[in-house]
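# Secondary and tertiary structure notes
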Number of protein chains: 2
Amino acid sequence: MLNFEFFNPTRIVFGQGTIARLDTLVASDARVLILLGGESARKNGTLAEVRAALGAREVYEFDGIEPNPSYETLMKAVSLVREKKLDFLLAVGGGSVIDGTKFVAAAIDYDGEPWDILETRGDTVTSALPFGSVLTLPATGSEMNDGSVVTRRATQAKLAFTSPHVFPRFSILDPTKTYTLPIRQIANGVVDSFTHVMEQYLTYPADGLVQDRFAEGLLQTLIEIGPKLLEKADDYELRANFMWVATLALNGLIGADVPQDWSTHIIGHELTARYNIDHARTLAVVLPANLQVRRAAKHGKLLQYAQRVWGITQGSEDERIDAAIDRTRAFFESMGIQTRLPDYGIDASEIGTLVGQLRAHGMVELGERKDVTPEVGQRILEASL
Amino acid sequence: MLNFEFFNPTRIVFGQGTIARLDTLVASDARVLILLGGESARKNGTLAEVRAALGAREVYEFDGIEPNPSYETLMKAVSLVREKKLDFLLAVGGGSVIDGTKFVAAAIDYDGEPWDILETRGDTVTSALPFGSVLTLPATGSEMNDGSVVTRRATQAKLAFTSPHVFPRFSILDPTKTYTLPIRQIANGVVDSFTHVMEQYLTYPADGLVQDRFAEGLLQTLIEIGPKLLEKADDYELRANFMWVATLALNGLIGADVPQDWSTHIIGHELTARYNIDHARTLAVVLPANLQVRRAAKHGKLLQYAQRVWGITQGSEDERIDAAIDRTRAFFESMGIQTRLPDYGIDASEIGTLVGQLRAHGMVELGERKDVTPEVGQRILEASL
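Residues numbered from 1 in each chain as written. Chains lettered and ligands numbered in written order. Predicted model: local features only at pLDDT ≥ 70, side-chain atom pairs only at ≥ 80, totals over all residues. Heavy atoms only, no water.

## Description of the overall build of chain A
Note the threshold: Secondary structure elements are taken from DSSP: a helix is a run of H or I of four residues or more, a strand is a run of E of two residues or more, and numbering for both begins at the N terminus. In this setup the radius of gyration rests on C-alpha atoms only. A globule is expected at 2.2 Å times the number of residues raised to 0.38. Burial classes follow relative accessibility: with a 1.4 Å probe on protein chains only, a residue under 20% of its type's maximum area counts as buried, one over 50% as exposed, and anything between as partly exposed. Contacts were defined at the residue level, with two residues in contact if any of their heavy atoms lie within 4.5 Å. Exposure was quantified through the Shrake-Rupley algorithm and a 1.4 Å probe, taking into account, for residues, occlusion by the shown protein chains and nothing else.
Looking only at helices and strands, one finds 15 helices and nine strands in chain A. For chain A, the C-alpha radius of gyration of 21 Å lies close to 21 Å, the compact-globule estimate for 385 residues. Projecting the C-alpha coordinates of chain A onto the three principal axes gives extents of approximately 65 × 45 × 45 Å. With 385 residues in all, chain A has 59% of them scored as buried. Taking as baseline every contact in chain A between residues at least 6 positions apart, the subset at least 24 positions apart corresponds to 78%. When the accessible area of chain A is evaluated, it comes to approximately 14100 Å², of which 49% is carbon and sulfur surface.

## Here's the deal with the UniProt feature "domain: Alcohol dehydrogenase iron-type/glycerol dehydrogenase GldA" (unreviewed entry) in chain A
Operational definition: UniProt positions are given in the numbering used here, feature names are shortened, and annotations may be inferred rather than shown by experiment.
The sites that carry the UniProt feature "domain: Alcohol dehydrogenase iron-type/glycerol dehydrogenase GldA" (unreviewed entry) are, in the present numbering, residues 9–175 of chain A. The annotated region residues 9–175 of chain A carries 29% helix and 25% strand content, and the separation between its end C-alpha atoms amounts to 22 Å.

## Observations regarding the sheet that holds strand β4 (residues 58–62) of chain A
Put simply, the rule reads: DSSP bridges decide pairing: two strands pair if at least two such bridges lie between them. Only C-alpha atoms enter the line fits that serve as axes; for helices the fit covers just the stretch in contact. Angles between N-to-C directions range over 0 to 180 degrees.
Taken together, seven strands build an open sheet; the order of strands is β4(A)-β3(A)-β5(A)-β6(A)-β9(A)-β2(A)-β1(B) and the sheet is mixed. Single-partner strands in this sheet number two, and they are β4 of chain A together with β1 (4–6) of chain B. Across the sheet, the mean angle from the axis of one strand to that of its neighbour is 15°, orientation sign disregarded. Both strand β2 (residues 11–14) of chain A and strand β9 (residues 170–173) of chain A contribute to a ladder of four bridges, which runs parallel. Within β9(A), the position partnered with A:Phe14 by the bridge is A:Leu173. Running over the sheet, helix α3 (residues 46–54) of chain A touches β3 (31–36), β4, β5 (88–93) and β6 (131–135) of chain A and is turned about 170° from β3(A). Running at roughly 160° to β4(A), helix α4 (residues 71–84) of chain A makes contact with β3, β4 and β5 of chain A of the sheet.

## Details of the pattern of salt bridges
All names here are of chain A. Put simply, the test is: When a carboxyl oxygen of Asp or Glu is within 4 Å of a side-chain nitrogen of Lys or Arg, the pair counts as a salt bridge.
Considering all chains together, one arrives at 48 salt bridges over all chains under this definition. Aspartate 63 is the salt-bridge partner of arginine 42, the closest N and O atoms lying 2.5 Å from each other. Separated by 21 residues along the polypeptide, arginine 42 in helix α2 (residues 40–43) and aspartate 63 in the loop between β4 and α4 bring together distant segments of the chain. What makes aspartate 63 partly exposed here is its relative accessible area of 35%. Of the charged contacts, one joins lysine 232 and aspartate 234 as a salt bridge, the two residues approaching to 3.4 Å between their closest N and O atoms. With a relative accessible area of 44%, aspartate 234 lands in the partly exposed category.

## Considering the domain arrangement of chain A
Residue and element names in this part refer to chain A. Defined as follows: The split into domains, and so the bounds of each, comes from an automatic or database assignment of domains. By convention, the term buried area covers the 1.4 Å-probe accessible surface removed from two parts as they join, with the contributions of both added.
Along its sequence, chain A is carved into domain 1 (11–177) and domain 2 (182–383). For domain 1 versus domain 2, the distance between C-alpha centres works out to 27 Å. Each side of the interface is counted separately: domain 1 has 19 residues, and domain 2 has 17 residues. Here domain 1 and domain 2 share an interface that buries about 1500 Å² over both sides, 68% of which is from carbon and sulfur atoms.

## Focus: the packing of helix α14 (residues 351–360) of chain B against helix α15 (residues 374–383) of chain B
Residues and elements named next belong to chain B. Quick note on the threshold: Take the far helix as your reference; a near helix turned counterclockwise from it by less than a right angle gives a left-handed crossing, and one turned clockwise gives a right-handed crossing. Residue polarity is assigned by list, with Asp, Glu, Lys and Arg as charged and Ala, Val, Leu, Ile, Met, Phe, Trp, Tyr, Cys and Pro as nonpolar; anything else, Gly included, falls into the polar class.
Packing of α14 against α15 leaves a shortest axis separation of 9 Å and a crossing angle of 145°. Remark: the crossing between α14 and α15 carries right-handed chirality. Together, Ile351, Leu354, Val355, Leu358 and Arg359 of α14 and Pro374, Glu375, Gly377, Gln378, Leu381 and Glu382 of α15 make up the contact between the two elements. Here the contact of α14 with α15 is built from residues that sort into six nonpolar, two polar and three charged.

## Let's talk about the environment of B:Arg274
All names here are of chain B. Convention followed: Under the rule applied, a polar contact is a pair of N or O atoms within 3.5 Å (in protein, one hydrogen donor and one hydrogen acceptor; residues adjacent in sequence only if both atoms are side-chain atoms).
Note on placement: arginine 274 falls in helix α10 (residues 263–275). Given the relative accessible area of 40%, arginine 274 is considered partly exposed. Taking the C-alpha atoms as reference points, arginine 274 and glutamine 357, separated by 83 residues in sequence, lie 9.1 Å from one another. Apart from residues lying up to four places away in sequence, arginine 274 is in contact with Glu350, Thr353, Leu354 and Gln357. There is a polar contact of 3.3 Å between the side chain of arginine 274 and the side chain of tyrosine 275.

## Observations concerning the pairing of β6(A)
Residues and elements named next belong to chain A. Of all five residues in β6, five are buried; the element is thus mostly enclosed. The side-chain alternation of β6 yields two buried faces, one formed by Phe131, Ser133 and Leu135 and the other by Gly132 and Val134. Of the pairings in the sheet, the one linking β5 to β6 comprises five bridges and is parallel in character. Its bridge partner lying in β6, alanine 91 is registered against serine 133. Here β6 runs beside β9; their pairing, made up of four bridges, is parallel. By the bridge assignment, serine 133 is partnered in β9 with serine 171.

## Notes on the relation of the copies chain B and chain A
To keep things clear, this is the line we draw: To superpose the copies, least squares is applied to the C-alpha atoms of every residue with a pLDDT of at least 70 in both.
After a rotation of 180° and a shift along the axis of 0.0 Å, chain B superposes on chain A with an RMSD of 0.0 Å. This pairing of chains is accounted for by a two-fold axis. Within chain B, B:Pro9 has its C-alpha nearest the rotation axis, a separation of 2.0 Å.

## Quick look at the interface of chain B and chain A
Counting from both sides, the interface comprises 40 residues of chain B and, opposite them, 39 residues of chain A. Of the roughly 3700 Å² buried where chain B meets chain A, counting both sides, 56% is carbon and sulfur surface. Contact with chain A buries area across many residues of chain B, yet B:Met1, B:Arg213 and B:Phe214 alone supply 17% of it, more than any other trio. At the boundary of chain B and chain A, one finds six salt bridges.

## Topic: the side chain of A:Ser263
In this structure, A:Ser263 sits in helix α10 (residues 263–275). Residues within four places of A:Ser263 in sequence aside, it is in contact with A:Glu199, A:Asn290, A:Arg294, A:Leu366, A:Gly367 and A:Val372.

## Considering unusual backbone geometry
Most peptide bonds are trans, and most residues other than glycine sit at a negative phi. In this model, A:Lys370 sits at a positive phi of 60°, which is unusual for a non-glycine residue. One can find A:Lys370 in the loop between α14 (351–360) and α15 (374–383). Looking at A:Lys370, the relative accessible area reads 54%, which means it is exposed. Backbone geometry at B:Asp207 places phi at a positive 65°, although glycine is not the residue there. Inspection of the secondary structure assignment puts B:Asp207 in the loop between α7 (183–201) and α8 (209–231). Given a relative accessible area of 38%, B:Asp207 falls into the partly exposed group.

## Some points on the packing of helix α11 (residues 279–293) of chain B against helix α13 (residues 317–334) of chain B
All names here are of chain B. The cut-off we apply is this: Just so you know how the angles are binned, under 35 degrees is roughly parallel, over 145 roughly antiparallel, 65 to 115 roughly perpendicular, and the rest oblique.
Orientation of α11 relative to α13, taken along the N-to-C sense of each, is 180°, at an axis distance of 10 Å. Considering the angle they form, α11 stands roughly antiparallel to α13. Between α11 and α13, the residues in contact are Leu283, Ala284, Leu287, Pro288, Ala289, Leu291 and Gln292 and Asp322, Ile325, Thr328, Arg329 and Phe332, respectively. A class-by-class count of the residues in the contact of α11 with α13 yields eight nonpolar, two polar and two charged.

## Digging into α13(B)
Along an α-helix, residues three or four apart share an orientation, since each turn contains 3.6 residues. Residues and elements named next belong to chain B. Formally: A helix is expected to span 1.5 Å for every residue after the first. Comment: arc refers to directions from the helix axis out to C-beta atoms.
For α13, built from 18 residues, the straight-helix expectation of 26 Å at 1.5 Å per residue is met to within 8% by its first-to-last C-alpha distance of 25 Å. Buried within α13 we find Ile321, Ala324, Ile325, Thr328, Arg329, Phe331 and Phe332. The buried residues of α13 occupy one face: seen down the axis, they fall within an arc of 155°. Considering only its buried residues, α13 is in contact with α7, α8, α11, α12 (299–308) and α15. Once α13 ends, the next one or two residues include glycine 336, with phi positive near 80°.

## Some words on the pairing of strand β6 (residues 131–135) of chain B
Sheet topology note: the β6(B)/strand β9 (residues 170–173) of chain B ladder contains three bridges and is parallel. Residue pairing in the sheet places B:Leu135 in a bridge with B:Leu173 of β9(B).

Rendered as structure tokens:
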């Protein structure tokens, strides 16, 4: 086991009807800015429920945080907070709204140009406005971690920052708020959560016995509930379990003392940047190919994954690994998500450009052993054809 | 899934050499009281390492917190803190020292007679002195939760309290600090952790899919490493995994949204109170008998436990349940811990007295369904013969 620190002070308030708890979670004299993404929270009544719970507090709203939240949009929220002298932020939405709120919180009192927060990966953040979240879309885990990804439209730079100052004070997880989500977003959320776990689990054995068991438990649960989630929107138990799995998949716990990969995410980011493919769909394309290309370096963990997660015990080691990768791909396909580049209209002629993007963005030493060079990235993309 | 809140702000600092981190974890102008149990931390160098890390800070020591920490002893520490105007507490030891430190922290500014903290189960605690811990004995989980058990010697009352004010600010978990522990304490710690998980897991199915998987992962890890822990004191990986499992077994996570039992603990407490048997050993006696007597009410979970934790898939349902209970008992015995009352010199003639104790202490509605009456307790004790 590696040395580690684990610290996560976010309060999770989970269950049906918990939005009413806002009245005790937010100070009675708080001056609140509610941050929103699209129109859904306004249309489906969630925003009305939030406003009712906040009662007589002075509340402003900020609409229009994009799926990949932009610096340009978020800086408008920063101005509004400063102008109205607001002192508490409340994100109502999914991972993008929460990520955006984290940036706004850190930018308010930032000494300098706030984009530096991203350039320094959060190291220069020394304080942040307190904020909470009401989660409506399980997927990214942002509701219980200290990470955020922001895009600067002017330069197309998409950067991440982390800071212990941007843990949400609380996150309200009411599974009934997911009932109105499009099926496409549920499917994406399952694949996103699954891949979050895999990036922290499927590396090389590092004696993190509990982390492995917990990761396997999250994967098994996603496999168990994934396809069922697509069948029925208002099954409370299924939605509740999905919501909690997605949070635990990226709250620091299963990654606490183990090597981590994240090359699937970074290669996937280039696909989103160039073709605007949903983030989760890029992961479904890259992950099976990534496991196939790097099967030698991931040999031990792939065998463990085959046995413990998929129950594969028959055949040679190579056959078991092939079977586990095939099952992973089939699972994504069972969620209605295609897993090959040509499914998205991308053929071999594009790969050179994508590899060039990886190089241009400095993504030349990826993975748990820093050995995923652009050449390896090229082989992964070729295996995705 | 039940509605729940999960909040745990304790910072875990884990790994070899981490005691040196005290210098950044404790304010440089803090006036510190170190609280200690027996002589071991003084003898094996841990105290010296702690004092070196604290450098020039003003530091006092308080020795002699007992294995079941007493109100009488702890109130002396309260006096010392008040007299010397100390502002930070540091527990160096196992669960009893940390439990005791929590009481001292809550008592310092308590408005009234501090024993009321226990009488009110912590509800009346509105603040506490900040404190951290250096854990030397993995077992109770106190290093990452907000619970404490204190005994008043004068009346032999043993009461528990919880309060969000008594989460440790940080806990340092250095696995090498367990190398000098007597084997008996390691064995006790494994059985204690195992039973903590079982009290939260082996009740009735409640659709907490992840909580079940996590609980099973902790049990599987304890089964995997338990006997090996007894063989070699300085195996870092084994000790590290044990230390982290024991913490996760009772930090609120696996119990967040599920029914809980705890009748094994309460019946066990009576055995400790009357015969001074180690806490963990009482659990090893009571748990297998408890599962046997209440097998109908726990039917679904016992089958799941048999299959997922022990890999038992052959035989009738009753046979599989019998096999799982037998394996549980055999696991405790493999840790060198006996599992029958006569092994501790207790025969059937004592059972009436023990059941009388349960009644006298108001322990008449135990278990996840409040149906473990003293009559059921009697059958459990009879099944322990």
